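Chain residues, written in single-letter form:
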Amino acid sequence: YLYDNMELCNLGILVCMYSGLRIGELCALRWENILWNEKCIYVKETMQRLQNTDTSDTLISKTSIVISAPKSACSIRKIPIPEQLFSLLRMYECESSTFLMTGTKSYIEPRTLQYRFKRITEKCNIYDVKFHSLRHTFATRCVELGFDIKSLSEILGHANVNITLNRYVHPSMEQKQKNMNLLSELLIVR
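Here the structure is a predicted model, which means the values were calculated and not measured.

What follows deals with helix 5 (residues 133–144). The α-helix winds at 3.6 residues per turn, so residues separated by three or four positions along the chain end up facing the same way. Here helix 5 contains twelve residues, and its C-alpha end-to-end distance of 16 Å stays within 8% of the 16 Å for a straight helix at 1.5 Å per residue. Buried within helix 5 we find Leu134, Arg135, Phe138, Ala139, Thr140, Cys142 and Val143. Next to the buried residues of helix 5 lie helix 1 (8–17), strand 5 (77–80), helix 4 (110–123) and helix 6 (149–156).

See below:
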């Protein structure tokens, strides 16, 4: 569906599927954060909707969008871009100071992106899937493909590999069987 209906928002969803970006990181991503020479995404900001602390003035919105550095230093990182995704990004490249998701100086906020993602998944007859599932799926597929956990942990922006292993890696029974079959070479059958 994403390829058949390619536009910047759908391209952004593909970026998450193949990089493990968080929704706030994607929403804050600008074209200048695509490091073309290095074929990397430079994650240095995140976007979130925060509660306003001043509740005395009824004219002030209860929440506001904030773009800031990520909470931890580990979340500031460079993520290598897979070749196919790199080619897609090149095809849709916009002015460097614009947001990746819109190609303009205006952004899509995380809540709006979640709504759009829900509509897309429902069109594909996929229900009850959260945007964050893309991150889980990315991490699980990387493990299934044989990524080393340390590299994956750094790509995801985790402080240590335990976070990666405990939160995002969900091996299938097929993967467990494949791993156990590695022991077959050690068995001597008489």
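Going through the model one piece at a time under the given rule, you end up with ten salt bridges. Linking Glu109 and Arg49 is a salt bridge whose minimum nitrogen-to-oxygen distance equals 2.6 Å. Taken together, the residues Glu109 in the loop between helix 3 (83–92) and helix 4 and Arg49 in strand 3 (residues 46–51) connect sequence positions 60 residues apart.

Where helix 1 contacts helix 3, the two axes come as close as 11 Å, and the packing angle between them is 160°. Taken as axis vectors, helix 1 and helix 3 run roughly antiparallel relative to one another. As for how helix 1 packs across helix 3, the hand of that crossing is left-handed. When helix 1 is examined against helix 3, the residues Leu8, Leu11, Leu14 and Val15 are found in contact with a partner set consisting of Leu85, Leu88, Leu89 and Tyr92. Along the lines of polarity and charge, the residues of the contact of helix 1 with helix 3 split into eight nonpolar, no polar and no charged.

Turning our eyes to something else, we now look at helix 1. With respect to burial, helix 1 is a largely interior element, nine of its ten residues being buried. Leu8, Cys9, Asn10, Leu11, Gly12, Ile13, Leu14, Val15 and Cys16 are the residues of helix 1 that are buried. Where the residues of helix 1 are buried, they touch helix 2 (23–28), strand 2 (40–43), helix 3, helix 4 and helix 5. Residue Glu7 occupies the N-cap position of helix 1, its side-chain oxygen lying 3.1 Å from the main-chain nitrogen of Cys9.

This part covers unusual backbone geometry. Residue Lys39 is not a glycine yet carries a positive backbone phi of 55°. A positive phi angle is found at Asp128, which is not glycine, with a value near 55°. Note on placement: Asp128 falls in the loop between helix 4 and helix 5. Relative accessible area serves as the criterion here: at 79%, Asp128 is assigned to the exposed category.

Glancing now at a nonpolar patch on the surface. Where nonpolar side chains cluster on the molecular surface, the patch consists of Tyr3, Met17 and Tyr18 and spans about 320 Å² of accessible area. Following the sequence through the fold, Tyr18 ends up in the loop between helix 1 and helix 2.

Reading the values: rules and limits
- Residues numbered from 1 in each chain as written.
- Predicted model: local features only at pLDDT ≥ 70, side-chain atom pairs only at ≥ 80, totals over all residues.
- Heavy atoms only, no water.
- Helix = DSSP H or I, 4+ residues; strand = E, 2+ residues; numbered from the N terminus.
- Expected span 1.5 Å × (residues − 1).
- Buried < 20%, exposed > 50% of the residue type's maximum accessible area, 1.4 Å probe, protein only.
- Contact = heavy atoms within 4.5 Å.
- Salt bridge = Lys/Arg side-chain N within 4 Å of Asp/Glu carboxyl O.
- Axes fitted to C-alpha atoms, helices over the stretch in contact; angles between N-to-C directions.
- Parallel < 35°, antiparallel > 145°, perpendicular 65-115°, else oblique.
- Left-handed = near helix turned anticlockwise from the far one by under 90°.
- Nonpolar A, V, L, I, M, F, W, Y, C, P; charged D, E, K, R; others polar.
- Polar contact = N/O pair within 3.5 Å; in protein donor to acceptor, adjacent residues only side chain to side chain.
- Patch = residues over 30% accessible without salt bridge, like charges linked within 9 Å, V, L, I, M, F, W, Y side chains within 5 Å.
- Areas by Shrake-Rupley, 256 points an atom, 1.4 Å probe, with all protein chains shown as cover.

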